Amino acid sequence: MNNGIADYLPWVGVWAGVGDTQAGQQTAIRTDFVPALDGTGLQMHFEAWDTEFKTLYHGVRAVLAPAPSGVLRALAYSTIHGPLLLELTPDDEGVMALAGESLGRNHISVTFVQDAPAELLFMAFWRPAGGNVPDGDDPRMTCRLKPATPWNSPTV
Amino acid sequence: MAMTTPLVSRFQSMLGYWRGPNQLETGRHGLLEMHFHSHFEGELVQLDAYTWDTVTGETFSAGTGLFALKHDGRLIENLYVGRFGFCMLHETDDEPDVLALLGDLPGGRTMSVSLRLEDDELLLTSQLKAGVVGKDLPRTVARLKRYDRPPGEGA
């Protein structure tokens, strides 16, 4: 099915979790979704850190928006891959699957899957131009993200 | 405050909010707000731009640009404008005080954008061309200033 911006508005907010990078390191991920372009788009800011939040492994800023044809794409910048234009590939409800190529011809794939009302499964991988298509056992960044709610002071 | 990087140094005088009257290539007038902000320790500069009708408040143009530096030190802008779609603009030669970019749009059109800071005024122009031998279409022109607000009680 073809997903629209409205399908992802329930994700607006901050999500966080601990997962693994494609290189196998443990990583702490924070990502937020906010409405953009007066509600016609969705902005995402993604950061994957070492678990002490001292080293940024990967940062991505992206805006998902409709082309004049109605097709959704995301313009993005990655601290690893540089400028990106990613295509939203048709998928099931509750799935955001983006894919594209960097200027250096690396292939990038990013997927968020809503596994439960308060859980997003994040998966991403990249491979160099001409690299093999990963199967299920190939390394990829994965993380289960939960809503990062503000700290609530304990009731006195 | 962002680190001063080669990219941020190109935008240092533009970071923040700007507003001013705007005339689109369609002839429609409105008020344009542009917001330049940097991310990832100055590795990326994002521009968000909205033009709205000053009578109705209706937004009739919105866009976002992500500026980065290429290996050759020139700028590249990953740009989205609602009425045009997506394109990649590359820095071109121009006067030293002009930031000029050019790129291809879907449908065989090209888009050129220039930014010039003149004292406290930011001048934005953009223009579409239809095809290699196509006729130039009217320009979008905006003169922007940093906008003022009186101090509030909380400051």
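Residues numbered from 1 in each chain as written. Chains lettered and ligands numbered in written order. Predicted model: local features only at pLDDT ≥ 70, side-chain atom pairs only at ≥ 80, totals over all residues.

> In this structure, what is going on with the overall build of chain A? I would like to understand it.
When helices and strands are counted, chain A shows one helix and 10 strands. In chain A, the order of α-helices and β-strands from amino to carboxyl end is α-β-β-β-β-β-β-β-β-β-β. Relative to the 2.2 N^0.38 estimate, which gives 15 Å for 156 residues, the radius of gyration of chain A is 16 Å and therefore close to what a compact globule would have. Dimensions of chain A, computed from C-alpha atoms along their principal axes, come out at roughly 60 × 35 × 25 Å. By residue count, 31% of the 156 residues in chain A fall in the buried class. Partitioning the intrachain contacts of chain A with sequence separation of at least 6 by distance along the chain shows that 34% fall at a separation of at least 24. (Helix = DSSP H or I, 4+ residues; strand = E, 2+ residues; numbered from the N terminus. Rg over C-alpha atoms; globule rule 2.2 N^0.38 Å. Buried ≥ 20, exposed ≤ 12 C-beta atoms within 10 Å, placed from the backbone. Contact = placed C-beta atoms within 7 Å.)

> Hey, could you run me through the overall build of chain B in this one?
Helix and strand content of chain B: one helix and 10 strands. Beginning at the N terminus, the succession of helices and strands in chain B can be written as α-β-β-β-β-β-β-β-β-β-β. Rg of the C-alpha trace for chain B: 16 Å, near the compact-globule value of 15 Å for 155 residues, within the 12% margin. By principal-axis analysis of the C-alpha atoms, chain B measures approximately 55 × 45 × 25 Å. Sorting the 155 residues of chain B into buried and exposed places 28% on the buried side.

> Would you take a moment to explain the environment of B:W18 for this structure?
All names here are of chain B. Its place among the elements puts W18 in strand β1 (residues 16-23). With 22 C-beta atoms packed within 10 Å, W18 lands in the buried category. Sequence separation of W18 and E33 is 15 residues, and the distance between their C-alpha atoms is 5.6 Å. Those residues in contact with W18, other than ones at most four positions away along the chain, are M34, L122, L144, K145 and R146.

> Hey, could you run me through the nonpolar core in this one?
Across soluble globular proteins, nonpolar side chains have a tendency to be buried as a group. Ranked by size, the top nonpolar core spans 65 residues in total, and within it A:A62, A:V63, A:L64, A:A74 and A:A76 carry the most contacts. Once residues within four sequence positions are removed from consideration, A:A76 is found in contact with A:V60, A:R61, A:A62, A:L84 and A:L86. (Core = buried A, V, L, I, M, F, W, Y, C linked by C-beta atoms within 7 Å.)

> What's the story with the sheet that holds strand β6 (residues 82-88) of chain A in this structure? I'm lost.
Backbone-to-backbone hydrogen bonds pair the strands of a sheet. The strands run either parallel or antiparallel. All names here are of chain A. Spatial ordering of the closed barrel is given by β1-β2-β3-β4-β5-β6-β7-β8-β9-β10, a layout of 10 strands whose pairing is antiparallel. In this sheet, neighbouring strand axes are inclined to one another by 25° on average, regardless of whether the strands run parallel or antiparallel. Where strand β4 (residues 56-66) meets strand β5 (residues 72-78), seven bridges bridge the pair, whose relative direction is antiparallel. Along β5, the bridge assignment pairs V63 with L75. (Pairing = 2+ DSSP bridges. Axes fitted to C-alpha atoms, helices over the stretch in contact; angles between N-to-C directions.)

> Help me understand the interface of chain B and chain A, please; the structure alone is not making it clear to me.
How large an interface is tends to be reported as the accessible area lost when its parts come together. The interface of chain B with chain A comprises 19 residues on the first partner and 17 residues on the second. When residues of the side of chain B that touches chain A are traced back to their parent elements, those giving at least two are β3 (44-52), β4 (59-69), β5 (75-81) and β6 (85-91) of chain B. At five residues, the largest contribution of residues to the side of chain B that touches chain A is made by β4(B). Each residue belonging to the side of chain B that touches chain A can be placed in one class, and the counts come to 10 nonpolar, seven polar and two charged. (Nonpolar A, V, L, I, M, F, W, Y, C, P; charged D, E, K, R; others polar.)

> Could you clarify how one ought to interpret the sheet that holds β6(B) in this entry?
All names here are of chain B. Pairing in this closed barrel of 10 strands is antiparallel, and the strands run β1-β2-β3-β4-β5-β6-β7-β8-β9-β10 around the ring. Each adjacent strand pair in this sheet contributes to an overall mean axis angle of 20°, direction not counted. Inspection of the sheet shows β5 paired to β6 by six bridges, in the antiparallel sense. Across the sheet, the residue bridging to I76 is H90, located in β6.

> Honestly, the environment of A:G39 in this entry has me stumped. Any pointers?
Tracing the chain through its elements places A:G39 in the loop between β2 (26-36) and β3 (41-49). Sequence separation between A:G39 and A:F112 is 73 residues; the distance between their C-alpha atoms is 20 Å.

> Sorry if this is basic, but what is going on with the pairing of strand β7 (residues 98-105) of chain B here?
It is a general feature of regular strands that their side chains alternate between the two faces of the sheet. All names here are of chain B. Two strands pair when backbone bridges link them, and β6 and β7 are joined in this way by three bridges, in the antiparallel orientation. The partner of L89 across the bridge, within β7, is G103. From the end of β6 to the start of β7, which pair antiparallel, there are six residues. The pairing of β7 with strand β8 (residues 109-118) spans eight bridges and is classified as antiparallel. The partner of L102 across the bridge, within β8, is S112. Two successive antiparallel strands, β7 and β8, enclose a turn made up of three residues, where G107 displays a positive phi of approximately 85°.

> How should I be thinking about unusual backbone geometry in this particular structure?
Negative phi characterises most residues that are not glycine, and trans characterises most peptide bonds. Residues and elements named next belong to chain A. Unlike most non-glycine residues, F53 shows phi in positive territory, near 55°. Following the sequence through the fold, F53 ends up in the loop between β3 and β4. Residue classification places F53 among the exposed positions, given that 10 C-beta atoms sit within 10 Å.

> Can you walk me through the confidence of the model for chain B in this structure?
A low pLDDT score tells you not to read the predicted coordinates there in detail. Residue and element names in this part refer to chain B. Summing up the model confidence of chain B, the mean pLDDT is 89 and the portion of residues at 70 or higher is 94%. Within chain B, the lowest mean pLDDT, 90, falls on strand β9 (residues 121-130), and the highest, 97, falls on β3. For this predicted complex, the interface confidence reaches an ipTM of 0.90, while the overall pTM sits at 0.91. (pLDDT = per-residue confidence, 0-100.)

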